Amino acid sequence: MAPPLPIMLLVFLVGACVGSFLNVCIARWPAELSVVSPPSRCPRCERQIRWYENVPLVSWAAMRARCAGCKLPISAIYPAVELLVALAWVAAFAWFGLSLVALRVAVLATVLFGIAVTDAKHYLIPDGFTVFGLLWVAATAIAGLVIGETGPFAGPYDALVGACTGAGAIAIAGWLGEVVTKKEAMGFGDVTLMAVVGGALGPGRSLLTVFVGALIGAVTFLLVVFPIVWVRSRRAKEPFAPPQVPFGVFLAPAAMLVLLWGDRVIDWYLRQM
Ligand SMILES: [Zn+2]
């Protein structure tokens with residue numbers, strides 16, 4: 001089922017280039033800058049990065065993680081994002097073969113990864129990711145129907161109902177959360193994210209995504225984030241202030257898990273009833 005090695009190498013290279021572009025989106029969209037122009041610059045000395053300094057993975061290693069202009073270190077996050085996206089693309093094509101479904105899985109994973117990173121860094125889900133995601137999901141739902149290859153994705157009708165269900169469910173959850181906690185619980189970015197997820201997964205699995213995302217988020221916050229913040233506030237002798245929850249960070253991986261395995265969970269649950 002997996003394509004031959006030369007094709008997988010090509011998939012890895014394409015994935016690394018997509019990851020490189022994702023770095024640009026992650027850096028610029030939260031600041032409301034264009035991802036097309038101006039060309040990439042060093043964020044510190046503003047020196048324009050030449051094409052041979054911008055080769056995914058290779059340049060960072062060849063330049064020993066330093067800017068050629070100011071010699072200041074370049075974050076390892078850039079090559080890490082490139083490598084992770086490249087590996088995700090390889091995994092998608094290894095699993096689903098050389099197909100439209102593999103491309104849809106790879107692109108959705110890339111968009112969700114970008115959303116998770118910007119939400120974690122800035123508590124923000126840029127429209128660039130979600131508008132592209134929604135158009136991509138809609139266009140490929142139709143294309144999948146035309147060529148008769150849908151894989152784990154919702155068809156066009158379920159995509160439409162799913163987008164509304166996902167966005168509606170998270171809006172209701174956020175609204176009730178606000179009523180209970182008297183604080184803003186959910187940003188509008190989460191609503192746009194769940195429109196994309198619902199479009200890809202359809203109505204039933206978009207609800208499961210909200211549930212799984214809330215579960216992953218609650219466990220992570222209770223077991224990891226709260227204890228760290230509590231210890232820090234004790235050390236600094238400051239009052240304990242619970243940190244804000246970037247829900248998109250948990251919804252994004254939940255959506256991928258539910259896309260790939262959600263049907264089995266739903267089948268199992270229905271059999272228990
Ligand atoms: Zn520099």
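Residues numbered from 1 in each chain as written. Predicted model: local features only at pLDDT ≥ 70, side-chain atom pairs only at ≥ 80, totals over all residues. Heavy atoms only, no water.

Chemist: Break down the overall build of the protein for me, with residues and values.
Modeler: The helix and strand tally for the protein stands at 9 helices and 0 strands. Seen along its three principal axes, the alpha-carbon backbone of the protein occupies a region of about 60 × 60 × 30 Å. A total of 273 residues make up the protein; the buried ones form 40% of that total. Sequence separation of 24 or more characterises 69% of the internal contacts of the protein that already satisfy a separation of 6 or more. Where the 19 positive side-chain charges of the protein centre and where its 14 negative ones centre are 13 Å apart. (Helix = DSSP H or I, 4+ residues; strand = E, 2+ residues; numbered from the N terminus. Buried < 20%, exposed > 50% of the residue type's maximum accessible area, 1.4 Å probe, protein only. Contact = heavy atoms within 4.5 Å. Lys, Arg positive; Asp, Glu negative; His and termini not counted. Charge placed at Lys NZ, Arg CZ, Asp CG, Glu CD.)

Chemist: Give me the lowdown on the packing of helix α4 (residues 100-122) against helix α5 (residues 127-147), citing residues and values where you can.
Modeler: Axis separation between α4 and α5 bottoms out at 11 Å; the angle between their running directions is 165°. In terms of axis orientation, α4 runs roughly antiparallel to α5. The two elements α4 and α5 cross, and the hand of that crossing is left-handed. On α5, the residues touching L100, L103, R104, V107, L108, V111, G114, I115 and T118 of α4 are F129, T130, F132, W136, V137, T140, A141, A143, G144 and I147. Residue composition of the contact of α4 with α5, by class: 13 nonpolar, 5 polar and 1 charged. (Axes fitted to C-alpha atoms, helices over the stretch in contact; angles between N-to-C directions. Parallel < 35°, antiparallel > 145°, perpendicular 65-115°, else oblique. Left-handed = near helix turned anticlockwise from the far one by under 90°. Nonpolar A, V, L, I, M, F, W, Y, C, P; charged D, E, K, R; others polar.)

Chemist: Can you tell me about the nonpolar core, naming the residues and giving the values?
Modeler: In this structure, V105, L108, L112 and I170 are the most contacted members of the largest nonpolar core, which totals 54 residues. When residues of this core are traced back to their parent elements, those giving at least two are α1 (5-28), α3 (77-96), α4, α5, α6 (156-181), α7 (188-201), α8 (203-235) and α9 (248-272). A per-element tally of this core places α4 first, with 12 residues. Ignoring any residue separated from it by four or fewer positions in sequence, one finds L108 in contact with V137, F153, V196, A200, M256 and L259. (Core = buried A, V, L, I, M, F, W, Y, C linked by side-chain atoms within 4.5 Å.)

Chemist: Break down the packing of aromatic side chains for me, with residues and values.
Modeler: Each aromatic ring pair is characterised by the separation of its centres together with the angle its planes make. Applying the stated criterion across every chain yields a total of 8 aromatic pairs. Both rings, one in W89 and one in F93, keep their centres 6.3 Å apart while their planes meet at 25°; by these two values the pair is stacked. Of this pair, W89 and F93 both sit in helix α3, 4 residues apart, which is roughly one turn of the helix. Exposure class is identical for W89 and F93. Each is buried. Arranged with centres 6.1 Å apart and planes meeting at 80°, the rings of F221 and F250 form a pair that is edge-to-face. Here F221, found in helix α8, pairs with F250, found in helix α9; they are 29 residues apart in sequence, far enough to count as distant. With respect to burial, F221 and F250 carry one shared label: buried. Through a chain of ring-to-ring contacts, the aromatic side chains of W95, F96 and W261 assemble into a single cluster. Above the ring of F153, the side-chain terminus of R104 is found at 4.2 Å from the ring centroid. (Phe/Tyr/Trp six-rings, centres within 6.5 Å; stacked < 30°, edge-to-face > 60°. Lys NZ or Arg CZ within 6 Å of the ring centre and 35° of its normal.)

Chemist: Can you tell me about the coordination of the zinc ion, naming the residues and giving the values?
Modeler: The coordination sphere of the zinc ion, as far as protein atoms go, consists of C42 (SG), C45 (SG), C67 (SG) and C70 (SG), spread over 2.3 Å. With 4 donor atoms in place around the zinc ion and angles of 108 to 116° between them, the coordination shape is tetrahedral. By relative accessible area, C70 is classed as partly exposed at 26%. (Donors = N, O, S within 2.8 Å, 3.2 Å for Na, K, Ca; no water. Tetrahedral: all angles 85-135°; square planar, octahedral: opposite > 155°, others 65-115°.)

Chemist: Before we move on, could you go through the pattern of salt bridges and cite the residues and values that matter?
Modeler: If you walk through the whole model with that rule in mind, you get 2 salt bridges. Note that E53 is salt-bridged to R47, the shortest N-O span being 3.1 Å. When its relative accessible area of 10% is taken as the criterion, E53 is described as buried. Exposure remark for R47: the relative accessible area of 21% places this residue in the partly exposed category. Here R205 ties to D263 by a salt bridge, and the two come within 4.0 Å at their closest N and O atoms. With a gap of 58 residues between them, R205 in helix α8 and D263 in helix α9 connect regions that are remote in the sequence. (Salt bridge = Lys/Arg side-chain N within 4 Å of Asp/Glu carboxyl O.)

Chemist: Run through the side chain of E53, naming residues and quoting values.
Modeler: Mapped onto the elements, E53 comes out in the loop between α1 and α2 (58-62). At 3.1 Å, the side chain of E53 and the side chain of R47 are in polar contact. The contacts of E53, once residues within four sequence positions are left out, are R47, Q48, S59, M63 and A68. (Polar contact = N/O pair within 3.5 Å; in protein donor to acceptor, adjacent residues only side chain to side chain.)

Chemist: Before we move on, can you summarise unusual backbone geometry with the specific residues and values?
Modeler: Following S37, the chain continues into P38 via a peptide bond in cis, with omega recorded as 0°. Its location among the elements puts P38 in the loop between α1 and α2. A positive phi angle is found at R64, which is not glycine, with a value near 50°. At K237, a position not held by glycine, the phi torsion is positive, near 55°. Position of K237 relative to the elements: it lies in the loop between α8 and α9. Residue K237 is classed as exposed on the basis of its relative accessible area, which comes to 75%.

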